[in-house]
Structures are given as C-alpha cells and as structure tokens.
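Reading the structure
Chain by chain, the residues run as shown.
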Amino acid sequence: MIYEEATDFAAALRRPCPLIGLDFGTKTIGVAVSDGMMSVATPLETIRRKKFTEDAARIQEIIAHRGIAGLVLGLPRNMDGSEGPRCQSTRAFARNLSRLWDGPITFWDERLSTVAAERALLEADTTRKRRAEVIDHVAASYILQGLLDRLRHIEAQ
C-alpha cells in the first residue's frame, strides 16, 4: 500500500525492521538499505534500468534477501515544491511495484539529495569515474536517512 504521509507509513510498519530507499532515475535506480533498528542508511547498489519487470525483480530479490519491511522512493519535486513529469513517473513506478509487493511504500522529498551526495563524495576525494558509479545509491541513502530521521521524530512524539 502507498502512503503519502510519513506518519501513516510509520503506523503501517512492523518494528524494528530494515527499510529500502530508492532513487528512481531515467537510466538507473539507486538502492540503499537501513539496519534492522532503522537508524542508519547504507548505500547498496545501482540498478541499470531495463524493463519494469527486470527492475522490479531485482528490487524484490533485495527485499526478500534482507527482510525489508518498508520502501521509500525519492520524489523529485521541483524547487518550488510542484510536481512535474519525473514525479509522475516515480509515482507510476510505485503503483506498479505495489501490485507486486504488499509492503508499505512512501515517498520522500529528494530535492538536493544528489547535490548532497555529490558534495560528500567530493569531500571524500572520490574520483570522477567512481562518483559516477556510486552517486545514485549514495543519493538513495540520503533519501532513506531523511525518512529514518523523520520516523525517529514521529516515534519520540
């Protein structure tokens, strides 16, 4: 089921549980996972996009292998907060994925996540070639970490 609000997503989760974060792009899907205590997001891999069925199959393999209980997709809003074509394709991907997997799915505003990931990689003195290889799954970890921090805040209230 797809949840628009983090509070509703939090209520649907069984806890503690690992989560998966996706940075859905036109050519790749960055993947990050959390630890079982839902405190730290770790970049995992970048999936080269092919057909939906192949992309979804790989995501489902990760979900099954790691015992994932919830999924967050970065929502690429425009800087003014509006939603454009990239948001529409991200939402369509989530709808299609929800037909194959019955776990809770939510979105996280991903504005500037790639910029933050790029900055972190530059500070780590990562080569241009290596940055290109890892940027998407590092961005996915920023998206997932944002949600994890929000979930901790919800739990504290």
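Please refer to the structure higher up on the page.
Just so it is clear, the model here is predicted, and its values are computed rather than measured.

1. Quick look at the nonpolar core
By size, the foremost hydrophobic cluster in this structure holds 22 residues, and its most contacted members are Ile-20, Leu-22, Ile-29, Ile-59, Leu-71, Leu-73 and Phe-93. The contact partners of Ile-29, leaving out residues within four places of it in the chain, are Leu-22, Asp-23, Phe-24, Glu-45, Thr-46, Ile-47, Arg-49, Asp-55, Ile-59 and Phe-93. Core analysis: the next-biggest nonpolar cluster, separate from the first, contains 19 residues, Met-38, Ala-41, Val-72 and Leu-151 among them.

2. Re the pairing of strand β5 (residues 70–75)
Two faces, one strand: in a regular strand the side chains alternate between the faces of the sheet. Counting buried positions over the six residues of β5 gives six, a clear majority of the element. Residues of β5 alternate between two faces, with Gly-70, Val-72 and Gly-74 on one and Leu-71, Leu-73 and Leu-75 on the opposite face, all of them buried. Sheet topology note: the strand β2 (residues 19–24)/β5 ladder contains four bridges and is parallel. Within the sheet, the bridge partner assigned to Leu-19 lies in β5 and is Gly-70. Across five bridges, β5 lies against strand β6 (residues 105–109) in parallel orientation. Paired with Leu-73 across the two strands is Phe-107, which belongs to β6. What joins β5 to β6 is helix α3 (residues 85–100), and the crossover it makes is right-handed.

3. Regarding the pattern of salt bridges
Tallying each qualifying case throughout the model produces eight salt bridges. Here Arg-58 and Glu-45 are joined by a salt bridge, their closest N and O atoms 2.6 Å apart. Within this pair, whereas Arg-58 is found in helix α2 (residues 52–66), its partner Glu-45 is found in strand β4 (residues 41–48), the two being separated by 13 residues in sequence. Taking relative accessible area as the criterion, Arg-58 reaches 28% and is therefore assigned partly exposed. Residues Arg-58 and Glu-61 are paired through a salt bridge, measuring 2.9 Å at the closest nitrogen-oxygen approach. Residue Arg-58 and its partner Glu-61 are both found in helix α2; the two are separated by three residues, about one turn of the helix.

4. Digging into α2
End to end, α2 covers 21 Å across 15 residues, agreeing with the expected 21 Å (1.5 Å per residue, within 8%). Every buried residue belonging to α2 is among Asp-55, Ala-56, Ile-59, Ile-62 and Ile-63, and all of these are buried. Along the axis of α2, the buried positions cluster into a sector of 120°, meaning they face one direction only. Of the residues in α2, the exposed ones pointing more than 90 degrees away from the buried face are Thr-53, Ala-64 and His-65. On its buried face, α2 sits against β2, β3 (28–34), β4, β5 and α3. At the exit of α2 stands Gly-67, carrying a positive phi of roughly 65°.

The rules behind these values
Residues numbered from 1 in each chain as written. Predicted model: local features only at pLDDT ≥ 70, side-chain atom pairs only at ≥ 80, totals over all residues. Heavy atoms only, no water. Core = buried A, V, L, I, M, F, W, Y, C linked by side-chain atoms within 4.5 Å. Buried < 20%, exposed > 50% of the residue type's maximum accessible area, 1.4 Å probe, protein only. Contact = heavy atoms within 4.5 Å. Helix = DSSP H or I, 4+ residues; strand = E, 2+ residues; numbered from the N terminus. Pairing = 2+ DSSP bridges. Right-handed = clockwise from strand over helix to strand, strands pointing away. Salt bridge = Lys/Arg side-chain N within 4 Å of Asp/Glu carboxyl O. Expected span 1.5 Å × (residues − 1). Arc of directions from axis to C-beta.

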